[in-house]
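Chains, contacts and geometry: an overview
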Amino acid sequence: MLNHAAVLVAEDEPIIALDLGYAIEDAGGEVIGPASTTKYALALLGLHSVAGAILDVNLIDRDISPVVEWLIERRVPFILQSGVGLPPKLAARFPDLIVHIKPITAVRLVEDLEALIVDRQK
């Protein structure tokens, strides 16, 4: 269970974003977003404290790299999902990032994020 943890959702496909939101709420979390652009995701991170994030790699305005960097600097766990994998520059800078290739269920993404959050709290 997410125990009321705030989770940023950055996803530009409305149906996927809605599905993620429901899965987060079903797991006891609070949805921050969804953000369909990197710019909006960064703005939300400036306004909210988050325990984790589920991010689509490519959003409407650009790839998610600035958000990934922000989260890594603050040691906030996150899950990436993509239809095509990581952008080469992001993969080169952070070779250990785990990317789930779409299609993947929202429940699986939330379960994986829950595990990362629990690991971080240990």
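What comes next is a walk through the structure. Throughout, residues of each chain are indexed from 1 in the direction in which the sequence is written. Two thresholds apply to this predicted model, a pLDDT of at least 70 for residue-level local features and 80 or more for giving and counting side-chain atom pairs, whereas whole-chain, interface and lining totals are computed over all residues. Water and hydrogen atoms play no part in the side-chain values, which are based on all heavy atoms of the structure.

Digging into the overall build of the protein
So the rule is basically this: In this text, helices come from DSSP runs of H or I with a minimum length of four residues, and strands from runs of E with a minimum of two, each type numbered from the N-terminal end. Each residue gets one of three labels from its accessible area relative to the maximum for its type: buried under 20%, exposed over 50%, partly exposed in between, using a 1.4 Å probe on protein chains only. In this description, accessible areas are obtained by the Shrake-Rupley approach with a 1.4 Å probe, and a residue is regarded as covered only by the protein chains that are shown. Charge convention: Lys and Arg are scored as positive, Asp and Glu as negative, and His as well as the terminal groups of each chain are ignored. In plain terms, the charge of a residue is placed at NZ if it is Lys, CZ if Arg, CG if Asp and CD if Glu.
A tally of regular secondary structure across the protein gives five helices and five strands. Listed by position from the N terminus, the elements making up the protein come as β-α-β-α-β-α-β-α-β-α. Projected onto the principal axes, the alpha-carbon positions of the protein cover approximately 35 × 35 × 25 Å. For the protein, the residues scored as buried account for 47% of the 122 residues in total. Element-wise, carbon and sulfur atoms account for 55% of the exposed surface of the protein, whose accessible area totals about 6700 Å². For the protein, the separation between the mean place of its 10 positive charges and that of its 17 negative charges on side chains is 9 Å.

Regarding the packing of helix α2 (residues 38–47) against helix α3 (residues 65–73)
Selection rule: Only the contacting stretch of a helix is used when fitting its axis, a line to C-alpha atoms as for every element, and angles between N-to-C directions run 0 to 180 degrees. We call two directions roughly parallel when the angle between them is under 35 degrees, roughly antiparallel when it is over 145, roughly perpendicular when it lies between 65 and 115, and oblique otherwise. Every residue pair with non-hydrogen atoms within 4.5 Å of one another is taken to be in contact.
Running from amino to carboxyl end, α2 crosses α3 at an angle of 25°, the nearest separation of the two axes being 9 Å. The orientation of α2 with respect to α3, classified from their angle, is roughly parallel. Within the contact between the two elements, α2 uses Thr38, Ala41, Leu42 and Leu45 and α3 uses Pro66, Val67, Trp70 and Leu71.

Focus: the sheet that holds strand β4 (residues 78–82)
Quick reminder of the rule: Here, a strand pair is defined by DSSP locating no fewer than two bridges between the strands.
Pairing within the open sheet is parallel, and its five strands lie in the order β2-β1-β3-β4-β5. In this open sheet, the two strands that pair with only one neighbour each are β2 (30–35) and β5 (99–101). Taking each pair of neighbouring strands and ignoring which way they run, the sheet shows an average axis angle of 20°. Where strand β3 (residues 52–56) meets β4, four bridges bridge the pair, whose relative direction is parallel. Bridge pairing in β4 places Leu55 opposite Leu80. Helix-sheet contacts for helix α1 (residues 14–26) involve β1 (6–10), β2, β3 and β4, and the interaxial angle to β2 is about 170°. On top of the sheet, helix α5 (residues 106–121) reaches β1, β3, β4 and β5; it is set at about 150° to β4, its chief contact.

Some points on the pattern of salt bridges
Which entries qualify depends on this criterion: A side-chain nitrogen of Lys or Arg and a carboxyl oxygen of Asp or Glu constitute a salt bridge if their distance falls within 4 Å.
All chains considered together, the criterion is met by five salt bridges. Arg74 is the salt-bridge partner of Glu73, the closest N and O atoms lying 3.4 Å from each other. Residue classification places Arg74 among the partly exposed residues on the basis of a relative accessible area of 40%. Asp112 is the salt-bridge partner of Arg108, the closest N and O atoms lying 3.2 Å from each other. Linking Arg108 with Asp112, this pair stays in helix α5, spanning four residues, or about one helical turn. Residue class for Arg108 comes out partly exposed when judged on its relative accessible area of 40%. One connected set of salt bridges, linked through shared partners, spans Glu11, Asp56 and Lys102.

A closer look at the nonpolar core
Rule in force here: The definition of a nonpolar core used throughout is a set of buried Ala, Val, Leu, Ile, Met, Phe, Trp, Tyr and Cys residues joined through side-chain atoms within 4.5 Å.
Core analysis: the biggest nonpolar cluster contains 23 residues, and Leu8, Leu55, Val68 and Leu71 have the highest contact counts within it. Where this core is concerned, the elements lending two or more residues are β1, β2, α2, β3, α3 and β4. Discounting residues that sit within four places of it in the chain, Leu55 has contacts with Leu8, Ala10, Ile64, Val67, Val68, Leu71, Phe78, Ile79, Leu80 and Gln81.

Re α5
Heads up, the condition is: The span you would expect from a helix comes to 1.5 Å times its residue count less one.
The end-to-end C-alpha distance of α5, which contains 16 residues, comes to 23 Å, matching closely the 22 Å that a straight helix rising 1.5 Å per residue would cover. Every buried residue belonging to α5 is among Ala106, Leu109, Val110, Asp112, Leu113, Glu114 and Ile117, and all of these are buried. Residues of α5 that are buried in the fold lie against β1, α1, β3, β4 and β5.

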